[in-house]
Amino acid sequence: MFSVIIVPDGCRGPEEQYRLEPGHTLRFGRTAPAGGGLTLSHPAVACAAGEITATGAFWTLTNFSPDQTYIVENPQGAGEHIRVAPGRADAPVPFEFARVRLCAEESRPGCGFDVLAPRHDYLAAGSGTGPPASAPGTGAGETADWLFDPFPRPYPLDHTCRYFLVLTALCEPALHSGDPAAPVPDLTELADRLRPVWPKVTVADIAWNIDYLRLKLRLHTPDRGRSVRESLVRFALRFDLVHEGHLTALGGQLV
């Protein structure tokens with residue numbers, strides 16, 4: 001399963017994205033890297049700028065530039081970011097959503113790209129409670145109470161992310177009425193519903209998160225006559241990804 005998706009500026013669809021499986025790399029720069037890679041046309045980007053490596057449920061960034069510091073931002077956070085110094089190798093990035101900026105004080109398209117890391121790995125409960133098998137202090141003769149599950153969950157959703165707020169608001173009418181066929185809110189209605197907990201939300205934000213949910217849940221093209229929003233609601237309710245207890249998130253209580 002792919003664990004990292006690189007989305008260039010101006011990307012028009014999945015065919016223009018780069019998808020990496022664990023252990024795979026993608027080089028980027030102003031000139032096409034040998035063997036293929038991401039080309040960035042901005043004149044301030046180095047010819048050989050850097051490299052992304054997918055590492056399980058996260059990714060690392062290597063900065064080939066001798067004098068440029070790269071910024072990796074969390075666009076869904078509260079200003080969280082990391083700096084990758086010139087020459088830094090394999091800097092781990094902890095964000096599920098990230099914007100990589102290669103040029104200081106430059107926000108025009110072509111000077112960066114987005115990286116998505118939708119894969120989540122979890123600990124699998126064993127016979128009791130305790131530390132992971134690799135935790136310091138675990139004796140050689142002890143039986144680990146928790147085992148690491150190397151396989152990602154089929155539908156990994158982070159309940160603290162904004163995309164989950166959007167999915168919950170989509171499902172709210174069906175959960176309240178008990179009718180899976182209840183009308184699904186449109187983009188404007190979703191923005192209005194989420195504004196108390198997400199004051200700066202826009203219709204474009206809603207559309208972006210719906211597109212990300214479709215990608216993250218690996219939904220195919222909706223059936224004829226059904227929108228992506230309706231398909232997401234049907235899918236989420238069918239697999240119990242959203243239930244009534246999650247509706248508290250719409251009141252500002254992320255669970």
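Cut-offs and rules
- Residues numbered from 1 in each chain as written.
- Predicted model: local features only at pLDDT ≥ 70, side-chain atom pairs only at ≥ 80, totals over all residues.
- Heavy atoms only, no water.
- Helix = DSSP H or I, 4+ residues; strand = E, 2+ residues; numbered from the N terminus.
- Buried < 20%, exposed > 50% of the residue type's maximum accessible area, 1.4 Å probe, protein only.
- Contact = heavy atoms within 4.5 Å.
- Pairing = 2+ DSSP bridges.
- Axes fitted to C-alpha atoms, helices over the stretch in contact; angles between N-to-C directions.
- Phe/Tyr/Trp six-rings, centres within 6.5 Å; stacked < 30°, edge-to-face > 60°.
- Salt bridge = Lys/Arg side-chain N within 4 Å of Asp/Glu carboxyl O.
- Disulfide = S-S within 2.5 Å.

Draft legend 1. Examining the overall build of the protein chain more closely. Counting secondary structure elements, the protein chain contains four helices and 13 strands. The proportion of buried residues among the 255 residues of the protein chain is 40%. A sequence separation of at least 24 residues applies to 53% of the contacts in the protein chain between residues at least 6 apart.

Draft legend 2. Looking closely at the pairing of strand S1 (residues 4-8). In terms of residue burial, S1 counts as a mostly covered element, since five of its five residues are buried. Burial along S1 is two-sided: the residues Val-4, Ile-6 and Pro-8 and Ile-5 and Val-7 are all buried. Where S1 meets strand S2 (residues 18-20), three bridges bridge the pair, whose relative direction is antiparallel. Counted as the bridge partner of Val-4 is Leu-20 from S2. Pairing analysis gives four bridges linking S1 to strand S11 (residues 112-116), with the strands arranged antiparallel.

Draft legend 3. Representation of the sheet that holds strand S10 (residues 97-101) in the model. Ordered by their spatial adjacency, six strands build an open sheet running S2-S1-S11-S10-S7-S8, and the pairing between neighbours is antiparallel. Among the strands making up the open sheet, the edge pair consists of S2 and strand S8 (81-84). Adjacent strand axes in the sheet meet at a mean angle of 20°, parallel and antiparallel pairs treated alike.

Draft legend 4. Looking closely at the packing of aromatic side chains. Tallied over the entire structure, the rule returns seven aromatic pairs. Ring geometry for Phe-97 against Tyr-163: centres 5.7 Å apart, planes inclined by 65°, an arrangement best described as edge-to-face. Highlighted residues: Phe-97 in strand S10 and Tyr-163 in helix H1 (residues 162-177), separated in sequence by 66 residues. The residues Phe-97 and Tyr-163 share a single accessibility class, namely buried. Relative to Phe-239, the ring of Phe-235 has its centre 4.8 Å away and its plane inclined at 45°; by these criteria the two rings are tilted.

Draft legend 5. Geometry of the side chain of Thr-53. Structurally, the position occupied by Thr-53 is in strand S5 (residues 50-55). Residue Thr-53 is classed as buried on the basis of its relative accessible area, which comes to 13%. Thr-53 has contacts with His-24, Thr-25, Phe-58, Trp-59, Thr-60 and Asp-90, leaving out every residue within four places of it along the chain.

Draft legend 6. Representation of the pattern of salt bridges in the model. Enumeration over the complete set of coordinates arrives at seven salt bridges. In this structure, Asp-114 engages Arg-99 in a salt bridge whose closest nitrogen and oxygen atoms are separated by 3.3 Å. With Asp-114 in strand S11 and Arg-99 in strand S10, this residue pair connects regions lying 15 residues apart in the sequence. Since its relative accessible area comes to 24%, Asp-114 is described here as partly exposed. If you follow the salt bridges from partner to partner, you end up with Asp-9, Arg-99 and Asp-114 in one network.

Draft legend 7. Representation of the state of the cysteines in the model. With the rule as written, the count across this model stands at one disulfide. The disulfide partner of Cys-103 is Cys-111, and the S-S distance across this bridge is 2.1 Å. Accessibility expressed as a relative area gives 7% for Cys-103, which makes it buried.

Draft legend 8. Just unusual backbone geometry, in detail. Positive phi, normally seen in glycine, also occurs at Asp-90, with a value near 55°. Considering the arrangement of structural elements, one finds Asp-90 in the loop between S8 and strand S9 (91-93). Classification of Asp-90 as partly exposed rests on a relative accessible area of 44%.

Draft legend 9. The arrangement of the sheet that holds S9 in detail. Read from one edge of the open sheet, five strands run S4-S3-S5-S6-S9, paired in mixed fashion. Every interior strand has two partners, whereas the edge strands, strand S4 (38-39) and S9, have only one. Here two bridges tie strand S3 (residues 25-29) to S4, and the two strands are oriented parallel to one another. By the bridge assignment for S4, Gly-29 is matched with Thr-39.

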